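Descriptive structure summary
These are the residues of each chain, in order.
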Amino acid sequence: MSTLNHNRRNFIKNSSALALGCALPISLVELAFADSEKNFSFAYISDAHIQHIKGTRFVRNWDKGLIRAVAETNLLAPKPDFVMFGGDLAQLGSQPELEHGAEIMSALNQDVRYVMGEHDYYLDLGAYWEKLFGPQYYSFDHKGAHFIVLNSIRTYDEWTHRWPSNEQRMLEMAGLDNPNGSPFMVGEEQRKWLQSDLAKVAKRTPVVVFSHSPLQKIYKGWNFWTEDAEQIHALLQPFDKVNVIYGHVHQIQYNQIGNISFHSVMATAWPWPYPSSYAQAEQYLPKLTVPMNRADPFFERDATGWQLINMANGNVDMNFTLYNNSARSVRFNKANKQPEDSRYQEENTRIPGQQHY
Ligand SMILES: [Fe+2]
Ligand SMILES: [Fe+2]
């Protein structure tokens, strides 16, 4: 904990030199081991949704969110070991969007690793994204932890190949509440790969999985959902400690299922409402999750934010700092064996969810 506080002080000191305040739409992830010489951190940026209008014009607000995150990531002290991008770099998967996003990301001082989002994928099934960023799923080891990146937003082949054009397929998957959509899944090919990848990892090694969709079932209408979640959990079950970190939901969520802790990260583009405030359809926001304050539409960066994440002995502690919103801390409670809001957002200071149905 002292390491966390020390690093956070440095970080804020460094940032304040440029009067950035304390609200950055990125995530600083720190892995703290018993042997403190092994500690390290990485930054996490997600869901930029770069959107092409015409010619050289792109949606300004989404550009600004990502540009700010990149600039602030470059100011982090201590410098993170690497940067993750959590998917949905593009809005409709086009080459201009992916190239424009890659160009903004190229200003980063550190190596970047990418996760595939559905908005990147469903135009050409990831072909151009692969040219820019590499394989759609892979793993790597870093200072004693094993990291796995999955493409969790695939779906049934029958759905993928039923459309008269790639553009229509992209639009159908991009829409919320769309009865023509299809549930996300990791799929058999990647599950087989995951099984063989995990076979090489010692059970005591901390495992961190990055996915775009939550590897759990929260709300099907918006694909806050992964169809084969239980099969993935079974593959991860033998390990002492697993953390899943996902994007896509553009809001704070956390959960504990068996040995697996789940945490979402913030978007740089826009916030989604909690599904419970929006639809009467069946949804399963984890009972553990205390919802964050709703976004104020007069602040375009509200309800985006950044997280300082401390991973001590395999457990993730999230420290969310949110634009125009109260800070949140979600830490692993060892006694209760689950992530908990350790700075509980008092009911009477919370903006109530609006009802949209
Ligand atoms: Fe997204
Ligand atoms: Fe997404």
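Residues numbered from 1 in each chain as written. Chains lettered and ligands numbered in written order. Predicted model: local features only at pLDDT ≥ 70, side-chain atom pairs only at ≥ 80, totals over all residues.

**Brief notes about the overall build of the protein chain**
- For the protein chain, the helix and strand inventory stands at 10 helices and 16 strands.
- When burial is assessed residue by residue, the protein chain has 44% of its 357 residues classed as buried.
- Within the protein chain, residue pairs in contact and separated by at least 24 positions form 70% of the contacts whose partners lie at least 6 positions apart. (Helix = DSSP H or I, 4+ residues; strand = E, 2+ residues; numbered from the N terminus. Buried ≥ 20, exposed ≤ 12 C-beta atoms within 10 Å, placed from the backbone. Contact = placed C-beta atoms within 7 Å.)

**Focus: the environment of tryptophan 270**
- By the secondary structure assignment, tryptophan 270 is in the loop between strand S12 (260–264) and helix H10 (275–278).
- Separated by 223 residues in sequence, tryptophan 270 and aspartate 47 place their C-alpha atoms 8.4 Å apart.

**Some thoughts on the packing of helix H8 (residues 188–198) against helix H9 (residues 229–236)**
- Contact pair H8 / H9: the axes reach a minimum separation of 10 Å and the direction vectors enclose 10°. Taken together, the axes of H8 and H9 are roughly parallel relative to one another. Only Gln231, Ile232 and Leu235 of H9 make contact with H8, whose side of the interface consists of Arg191, Leu194, Gln195 and Leu198.
- For the contact of H8 with H9, the per-class residue count stands at four nonpolar, two polar and one charged. (Axes fitted to C-alpha atoms, helices over the stretch in contact; angles between N-to-C directions. Parallel < 35°, antiparallel > 145°, perpendicular 65-115°, else oblique. Nonpolar A, V, L, I, M, F, W, Y, C, P; charged D, E, K, R; others polar.)

**Overview of unusual backbone geometry**
- Note that the residue after alanine 77, namely proline 78, is joined by a cis bond; omega there is 5°.
- Structurally, the position occupied by proline 78 is in the loop between helix H2 (60–74) and strand S5 (83–85).
- For lysine 143, which is not glycine, the phi torsion reads 45° and is therefore positive.
- Positionally, lysine 143 belongs in the loop between strand S7 (138–142) and strand S8 (145–149).
- By C-beta crowding, lysine 143 is classed as exposed, having 11 other C-beta atoms within 10 Å.

**Section: the pairing of strand S15 (residues 328–333)**
- As defined by bridge partners, S15 adjoins strand S16 (residues 338–341) across four bridges and the pair is classed as antiparallel. Opposite asparagine 333, over in S16, you have glutamine 338 as the bridge partner.
- Here S15 folds back onto S16, and the loop between the two strands holds four residues, one of which, lysine 337, carries a positive phi near 55°. (Pairing = 2+ DSSP bridges.)

**With respect to the sheet that holds S12**
- Strand order in the open sheet made by the six strands is S7-S8-S9-S10-S12-S11, with mixed pairing throughout. Single-partner strands in this sheet number two, and they are S7 and strand S11 (254–257). The mean angle between the axes of side-by-side strands here comes to 20°, regardless of whether they run parallel or antiparallel.
- Note that strand S10 (residues 242–246) and S12 share five bridges and pair parallel. Bridged to tyrosine 246 within S12 is serine 264.

**As for the packing of H2 against helix H3 (residues 95–105)**
- One can describe the packing of H2 onto H3 by two numbers: an axis separation of 9 Å at closest approach and a directional angle of 25°. Accordingly, the angle class assigned to the pair H2 and H3 is roughly parallel. Of H3, the residues touching H2 (which contributes Leu66, Ile67 and Val70) are Gly101, Ile104 and Met105.
- Looking at side-chain class alone, the contact of H2 with H3 contains five nonpolar, one polar and no charged residues.

**Description of H2**
- For H2, with 15 residues, the first-to-last C-alpha span of 21 Å sits near the 21 Å given by 1.5 Å per residue.
- Every buried residue of H2 is accounted for by Trp62, Gly65, Leu66, Arg68, Ala69, Val70, Glu72 and Thr73. (Expected span 1.5 Å × (residues − 1).)

**Considering H9**
- Those residues of H9 lying buried are Ala229, Ile232 and Leu236. The arc that holds the buried residues of H9, viewed along the axis, is 65°, so those residues lie on one side.
- Considering only its buried residues, H9 is in contact with H8, strand S9 (207–211), S10 and S12. (Arc of directions from axis to C-beta.)

**Things to note about the nonpolar core**
- The biggest cluster of nonpolar side chains holds 75 residues, and the ones touching the most others in it are Leu66, Met84, Phe85, Val115, Val209, Phe210 and Val244.
- Among all residues touching valine 244, those that are not within four sequence positions of it are Val209, Ser211, Leu215, Ile260 and Phe262. (Core = buried A, V, L, I, M, F, W, Y, C linked by C-beta atoms within 7 Å.)

**A closer look at the environment of isoleucine 50**
- Structurally, isoleucine 50 is set in the loop between strand S2 (40–45) and strand S3 (52–54).
- The spacing of isoleucine 50 and alanine 102 is 52 residues in sequence and 9.9 Å in space, taken between C-alpha atoms.
- Other than its neighbours up to four places away in sequence, isoleucine 50 contacts Phe58, Trp62, Asp63, Leu66, Leu89, Ala90, Gln91, Glu97, His100 and Gly101.

**Topic: the confidence of the model for the protein chain**
- Here the protein chain shows a mean pLDDT of 85. Residues at 70 or above account for 83%.
- In this model residues 1–23 is a low-confidence stretch, pLDDT under 50, and it forms 26 contacts with partners more than four residues away in sequence or in other chains. (pLDDT = per-residue confidence, 0-100.)

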